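So you can see what is in the structure, the chains are spelled out below.
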Amino acid sequence: MRVIKTRAKSIYTKSGIPGVDWVINQYVGCQFGCRYCYAKFICKWKPYGDWGTWVEAKINAPELARKRVYGEVFMSSISDPYQPIERELKLTRRTLRMMDKRNKLSILTKSPLVVRDIDIFKLFDEIEVGLTINSFEGKEKQLIEPFTPSQKLRIEALKTLKDEGIKNYGFISPIIPEITDIEAIIKETKGIVDYHSFEVLNLKGAGREFVEILKENFPESYEIMINENKFWKFVKELIALIKHLDIKAEEVEVHRGGWEVIEVK
């Protein structure tokens, strides 16, 4: 894994994510290297190699994070703030420590390392911490996201956050038809998260290589994702299931026409 240490001019970037005003990326690139990750697009401007083989660390992020911004801040959009290199560099922890605690902050990660920073989370006026969960195990996990922490550890982290009084959420993503077991995830996390959020696989963002992985290994999933009628039937059934399971959830991201969101009414 190549680590490139850089100095940034700023750390807060205006966001194009619905409902989010700013994003903060103290890292660019991700050691987890998930095959489907939309953030692979950044490789066009970062000539360090294939996605998952490098991480750029903005070593002056903590001092830049002192700036006061207004609105909701999301950490992070093109990296995982708690990827393995964070154990050594502690760049996320130091950045959090320097941030204005009046900022409304939302954090999303796949790593149980996030519980290390509960002491800092408690200093923020308004904060929520999410973990991505998707039920991938065995062959599926090896093909789709082989380097991520196990689902068991992620769910344990959610429980710890809940026990410590930190608002948390389960981000069920990517939802891949015939693979992601939504009902099992919800049954395992109901009662230990404040709410659930849902995202169907962003097939276009996942890139040609992942499309081929899906087509070759999960042909039924591939067919649903590329067929408009089958896709929207799947989404309709997904929303019905969410309602049936009686959980707090507001929307499902579907990425069919850009960053498209369907409300769960």
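Everything below is about the structure printed above this text.
Calculation criteria
Residues numbered from 1 in each chain as written. Predicted model: local features only at pLDDT ≥ 70, side-chain atom pairs only at ≥ 80, totals over all residues. Heavy atoms only, no water. Helix = DSSP H or I, 4+ residues; strand = E, 2+ residues; numbered from the N terminus. Rg over C-alpha atoms; globule rule 2.2 N^0.38 Å. Buried < 20%, exposed > 50% of the residue type's maximum accessible area, 1.4 Å probe, protein only. Contact = heavy atoms within 4.5 Å. Areas by Shrake-Rupley, 256 points an atom, 1.4 Å probe, with all protein chains shown as cover. Disulfide = S-S within 2.5 Å. Pairing = 2+ DSSP bridges.

Visitor: Quick question: what am I supposed to make of the overall build of the chain here?
Guide: Broken down by element type, the chain carries 10 helices and 12 strands. On C-alpha atoms alone, the chain measures out to a radius of gyration of 18 Å, which is about the 18 Å that the 2.2 N^0.38 rule sets for 265 residues. Along the three orthogonal principal directions, the C-alpha set of the chain runs to about 50 × 40 × 30 Å. For the chain, with 265 residues in total, the buried portion stands at 57%. Restricting to contacts in the chain with at least 6 residues of sequence separation, those with at least 24 account for 71%. Accessible area for the chain stands at about 12,800 Å²; split by element, carbon and sulfur atoms hold 50% of it.

Visitor: What should I look at first to understand the state of the cysteines in this one?
Guide: Note on terminology: disulfide describes a covalent bond linking the sulfur atoms of two cysteines. All chains considered together, the criterion is met by zero disulfides. In this structure C37 is a free cysteine whose sulfur lies 6.4 Å from that of C34, the closest cysteine sulfur available. For C37, a relative accessible area of 18% translates into the label buried. Looking at the unpaired C43, the closest cysteine sulfur is the one in C37, lying at 9.4 Å.

Visitor: Just to check I follow, could you spell out the sheet that holds strand β1 (residues 2-6) for this structure?
Guide: Here we have three strands laid out as an open sheet, ordered β1-β5-β4, and mixed in their pairing. The open sheet has two free edges, formed respectively by β1 and β4 (27-28), since each of these has just one partner strand. Note: β4 against strand β5 (residues 54-58), two bridges, orientation antiparallel. Opposite Y27, over in β5, you have A57 as the bridge partner.

Visitor: Explain unusual backbone geometry here, please?
Guide: Phi is mostly negative for residues that are not glycine, and the peptide bonds are mostly trans. A cis amide bond links M75 with the next residue in sequence, S76, at an omega value of 5°. Along the polypeptide, S76 turns up in the loop between β6 (72-75) and α2 (85-89). Following S173, the chain continues into P174 via a peptide bond in cis, with omega recorded as -10°. The phi torsion at K90 lies on the positive side, around 55°, for a residue other than glycine. Relative to the helices and strands, K90 resides in the loop between α2 and α3 (91-98). Since its relative accessible area comes to 38%, K90 is described here as partly exposed. A positive phi is found at H255, a non-glycine position, where the angle reads about 55°. Of note, H255 is situated in the loop between β11 (251-253) and β12 (261-263).

The analysis is restricted to geometry; functional conclusions fall outside its scope.
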